[in-house]
Amino acid sequence: MRKFKKTLALFLSLCLTLSLSVMSASASTFVDAHGNTVELNDTLEAYSSVVLSGADDAARKGETNLGDLWTDALRWFAVSGKINGYFEEDDIAAGNTKIDADADHIVALWNGGNLRADIAEGKFGAAELAKVLPYPNEVAVVYMTGAQLLEALEVAAQGLPYGEASAAACASFMQVSGLRYSVNADKAFDKGEIYKEPWSKAASVQRVSIESVNEKAFDASAVYAVITSSANFNGMDSSYIFRAASTADERSAITTAVVRDVVWMYIDEQLGHIVGETYAAAQGRITVHATEQPTAPVQPSAPVQPAEPATPWEGSMSGEYVVVRGDSLWKIASKVYGSGSLWGNIFRANPQVKDASLIYVGQKLVIPAK
């Protein structure tokens, strides 16, 4: 008997050693943006046949395939009912145990500033997802009316069109699942009071229109369940509507589900670990209308191209100018020189401008001496 116990002890010790070695081989750590050390399960592995775009502020500029994937995962988590197992005990005690909306009234919104890296073509795992979202966000549900949803999209898009000066404000731009909307970025955002820099509240809704919700007509008076992050729930960036709506409706809740885990669950259970052609490109859920401004010089006598060949300016510089909405080279020359007819000086001093009619908001131009 003693010999058997000794053998059993050795066997259990060996099992523990093997278990620990497997854990050390399959687990690594990641320090998130808040300094928290997160353990990653390296045994999780998937394959993408396409590049999923998150780097270079891609999701702040317009719809991306990564934004589609990310929001699809969140909406699937709710529609499938899997979210029901992740409500907090206090919510469960209050009877809040499921999404209180049918599938046609469930949408997902995710701010582009929280999609921070590409997922390259090939194998990827938990570490790559952690680079995309280096925050411990949890899945939340906010119940809001269609009118509130429309205003939430309006304020989230206030930074568009994307440029150097508006990049920070564009962090709130929403990637979506379950709805289609458009932004007329040629119209000025109607600023209300400052919410938090660089975001303002909307004095009115003028630029955004919702075309459909789950392929049905948008209803401003209906109540929609918006699946999003705990950060948006609490009013991050421009999300004052989320905060107000979550306070007003007790069914709104932050769950215990970690967003990265939910995205992985979707890739595993719905996509079979393969991100394929469905996400080869953005799916046309968001349309941003933005006419590149300004157009050709406004004076009839001003040529679109200078009469002489454009050559790099060799004179001295007098400064730098940042293009604003409504500018043209003629207007800029009128501002800095007092004469629009000198627009060719600016054109020749900026060889990166290939077409005199195409300069963009936020673009920096060298202003040569008169």
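Scroll up to find the structure.
Engineer: Could you give me a rundown of the layout of surface pockets, with the residues and numbers involved?
Structural biologist: In this structure, the largest pocket encloses a volume near 500 Å³. If you go around the largest pocket, you meet 24 residues; those closest to its centre are Gln158, Gly159, Leu160, Ser166 and Lys191. When residues of the lining of the largest pocket are traced back to their parent elements, those giving at least two are β9 (191-196) and β10 (199-202). Across the lining of the largest pocket, the residue classes break down as 13 nonpolar, six polar and five charged.

Engineer: An account of helix α3 (residues 65-79) is needed here, citing residue identities and associated values.
Structural biologist: Here α3 contains 15 residues, and its C-alpha end-to-end distance of 21 Å stays within 8% of the 21 Å for a straight helix at 1.5 Å per residue. Most of α3 sits out of view: 14 of its 15 residues are buried. Of the residues trailing α3, glycine 81 is marked for its positive phi of about 90°.

Engineer: Outline the environment of glycine 125, listing residues and values.
Structural biologist: Mapping glycine 125 onto the fold places it in the loop between β5 (122-124) and α5 (126-132). The spacing of glycine 125 and alanine 46 is 79 residues in sequence and 6.1 Å in space, taken between C-alpha atoms. Residues within four places of glycine 125 in sequence aside, it is in contact with Leu44 and Trp264.

Engineer: An account of the sheet that holds strand β8 (residues 179-184) is requested, with residue identities and associated values reported.
Structural biologist: Overall, mixed pairing links the three strands, which are arranged β11-β8-β15 in an open sheet. Each edge of the open sheet carries a strand with a single partner, namely β11 (208-213) and β15 (286-289). The sheet shows a mean angle of 10° between the axes of neighbouring strands, direction not considered. Here β8 runs beside β15; their pairing, made up of four bridges, is parallel. Note on β15: the bridge partner recorded for asparagine 184 is histidine 289.

Engineer: Lay out the nonpolar core in plain terms, naming residues and giving numbers.
Structural biologist: Nonpolar side chains tend to gather and get buried jointly when the protein is soluble and globular. Core analysis: the largest hydrophobic core is formed by 42 residues, its most contacted members being Trp70, Ile99, Val139 and Ile227. Those elements that place two or more of their residues in this core are α3, β4 (106-111), α5, β6 (138-145), β12 (223-229), β13 (253-258) and α9 (259-269). In terms of residue count, α3 provides more of this core than any other element does, eight residues in total. Look past the residues within four positions of isoleucine 99 in its chain and what remains in contact with it is Ala78, Ile83, Asn84, Phe87, Ile106, Val141, Tyr143, Ala225 and Ile227. Counting 36 residues, the second largest nonpolar core, distinct from the first, contains Val155, Tyr181, Val208 and Ile210.

Engineer: Can you lay out the sheet that holds strand β7 (residues 174-177) for me, pointing to particular residues and giving the numbers?
Structural biologist: Across the sheet, which stays open at both edges, the five strands sit in the order β7-β4-β12-β6-β13 with mixed pairing between neighbours. Since the sheet does not close on itself, it has two edges, and those belong to β7 and β13, each with one partner. Neighbour-to-neighbour, the strand axes of the sheet open up by a mean angle of 30°, direction not taken into account. Alignment of β4 against β12, held across three bridges, turns out to be parallel. Bridge pairing in β12 links valine 107 to valine 226. On the sheet, α9 packs against β4, β6 and β13 and is oriented at approximately 65° with respect to β13.

Thresholds applied
- Residues numbered from 1 in each chain as written.
- Predicted model: local features only at pLDDT ≥ 70, side-chain atom pairs only at ≥ 80, totals over all residues.
- Heavy atoms only, no water.
- 1 Å grid on protein atoms, 1.4 Å probe; cavity = no way out; pocket = protein on both sides within 12 Å on 5 of 7 lines; lining within 4 Å.
- Points joined across faces, edges and corners; volume = space filled by probe spheres on them.
- Helix = DSSP H or I, 4+ residues; strand = E, 2+ residues; numbered from the N terminus.
- Nonpolar A, V, L, I, M, F, W, Y, C, P; charged D, E, K, R; others polar.
- Expected span 1.5 Å × (residues − 1).
- Buried < 20%, exposed > 50% of the residue type's maximum accessible area, 1.4 Å probe, protein only.
- Contact = heavy atoms within 4.5 Å.
- Pairing = 2+ DSSP bridges.
- Axes fitted to C-alpha atoms, helices over the stretch in contact; angles between N-to-C directions.
- Core = buried A, V, L, I, M, F, W, Y, C linked by side-chain atoms within 4.5 Å.

Read these as spatial facts, not as claims about activity.
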